[in-house]
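An overview of the molecular structure
Single-letter residue listing:
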Amino acid sequence: MALDLYQKAAELENKVAQLNLANVHIYGLGIDKNYNLAFNLSEKLAEEEYAGGINNLGYCYNYGIGTCFNKQRAFELFQKAANLGNSTGISNLGYCYEFGIGTNINLTKAFELYQKAANLGNLYGIHNLGSCYEKGIVADINKQKAFELYRKAANLGHYLIQCNLAVIYEKGDGIKKDIEQAIYWYKKSAEQGYNYAQNKLNELSKN
C-alpha cells in the first residue's frame, strides 16, 4: 500500500514521494528492490538540485546501485549535498573522510562532520559519532559515551542500529549485560523485517 501511494505521488512530481520511493528501493526490507528505478529517481532529483536526491545519487555511485561504482563521483555528490545542508550528506561526507572514499583519509574532518550531523539530529551522524568514541577515533575511547549515542540513534528507528544495540546488550560490551533489553531491541529491528534480528530473537526467546 505504501509503495502504491509513493508511486502515485511520485508520478505527480512530488519530490518527497520520489525521494521516499527511491529510498524504499535502496534500503527497504521485504520488497523486490528496483535499483534502476532508485538510481533514476535519485538522478532526476539531483538534476533538480534537491539535496536529498543529490545525497541518494552519491550513495548509488558509492555502492554501485543501478550504476557503476564511482567513488570520486560519490564524494563530490556527498560534498554537494552537505553544502546544501543535508544532514545525511554531511554524515556520508564524514564517512568518505574516515575511509578515504574519493578523497584522502582525514579522521579529524570525519569526526567534525559526524558531530555536525549528530547536532542536526541525524541518526547516521549520531551512530558514526558513537563509533568514533568506541574506537578512539580523534576522541579518547569512551564506551559509555558510545553506548549512549548508539541508544539515541536506535531510538530514531533504524533497524540495523537497533540490532547492533541489541548485540551490545546481549554481549555486555562496555555495559552491564541485559538480555531483556537485547530481546527488546532485536524485536524492534525484527518488526521492520530484518531476518537476522528475527533469528536472534527466536534464539534468545528459546533460551
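What you see as residue numbers is a count from 1 along each chain, following the sequence as written. Confidence filtering applies because this is a predicted model: local features only for residues at pLDDT of at least 70, side-chain atom pairs given and counted only at 80 or more, and all residues used for totals across whole chains, interfaces and linings. Heavy atoms from the whole structure form the basis of all side-chain values; hydrogens and water molecules are not counted.

All right, on to empty space enclosed by the protein then. A water-sized probe, rolled over the atoms, reveals where empty space remains. Only protein atoms enter the 1 Å grid used here, on which a cavity is any set of points holding a 1.4 Å probe that cannot leave and a pocket is any open set flanked by protein within 12 Å on both sides along at least five of seven lines; residues with an atom within 4 Å of a point are listed as lining. Grid points are joined across faces, edges and corners, and a volume is the space filled by probe spheres set on the points. On inspection of all chains with the given rule, the structure shows one cavity of 30 Å³ or more. A volume near 50 Å³ is recorded for the largest cavity. Lining the largest cavity are Glu134, Lys143, Ala146, Phe147, Tyr150, Ile168 and Asp173. Here a strand is any run of E in DSSP of at least two residues, a helix any run of H or I of at least four, and the numbering for each starts at the N terminus. With four residues, the top contributor of residues to the lining of the largest cavity is helix α9 (residues 143-154). Each residue gets one label: Ala, Val, Leu, Ile, Met, Phe, Trp, Tyr, Cys and Pro are nonpolar, Asp, Glu, Lys and Arg are charged, and the others, such as Gly, are polar. Class assignment of the residues belonging to the lining of the largest cavity gives a composition of four nonpolar, no polar and three charged.

If you check the backbone angles, Glu13 has positive phi at about 70 degrees while not being a glycine. Note on Glu13: relative accessible area 46%, which makes it partly exposed. Of note, the phi angle at Val138 is positive, near 70 degrees, even though the residue is not glycine. Relative to the assigned elements, Val138 resides in the loop between α8 (123-135) and α9. Each residue is assigned to one of three classes by its accessible area relative to the maximum for its type, calculated with a 1.4 Å probe on protein chains only: buried under 20%, partly exposed between the two thresholds, exposed over 50%. Residue classification places Val138 among the partly exposed residues on the basis of a relative accessible area of 46%.

A word on the packing of helix α7 (residues 107-119) against α8. Fitted lines through C-alpha atoms serve as axes, helices being fitted only where they are in contact, and the angles separating the N-to-C directions of these axes extend from 0 to 180 degrees. Running from N to C, α7 and α8 cross one another at 140 degrees; their axes reach a closest spacing of 7 Å. Relative to α8, α7 is oriented oblique. For the crossing formed where α7 meets α8, the hand is left-handed. Contacts from Phe111, Tyr114, Gln115, Ala117 and Ala118 of α7 reach α8 at Gly125, Ile126, Asn128, Leu129, Cys132 and Tyr133. Residue composition of the contact of α7 with α8, by class: eight nonpolar, three polar and no charged. Any angle that is under 35 degrees is reported as roughly parallel, and any over 145 degrees as roughly antiparallel; angles of 65 to 115 degrees are reported as roughly perpendicular and all others as oblique. Take the far helix as your reference; a near helix turned counterclockwise from it by less than a right angle gives a left-handed crossing, and one turned clockwise gives a right-handed crossing. Residue contacts are counted whenever heavy atoms from the two residues lie within 4.5 Å of one another.

Moving on, we get to the packing of helix α4 (residues 51-63) against helix α5 (residues 71-83). Look at α4 against α5: their axes get within 8 Å of each other, and the N-to-C directions meet at 160 degrees. Between α4 and α5, the interaxial angle falls into the category roughly antiparallel. As for the relative orientation of α4 and α5, their crossing is left-handed in sense. Only Lys71, Arg73, Ala74, Leu77, Phe78, Lys80 and Ala81 of α5 make contact with α4, whose side of the interface consists of Ala51, Ile54, Asn55, Leu57, Gly58, Tyr59, Tyr61 and Asn62. Here the residues of the contact of α4 with α5 are counted per class, giving nine nonpolar, three polar and three charged.

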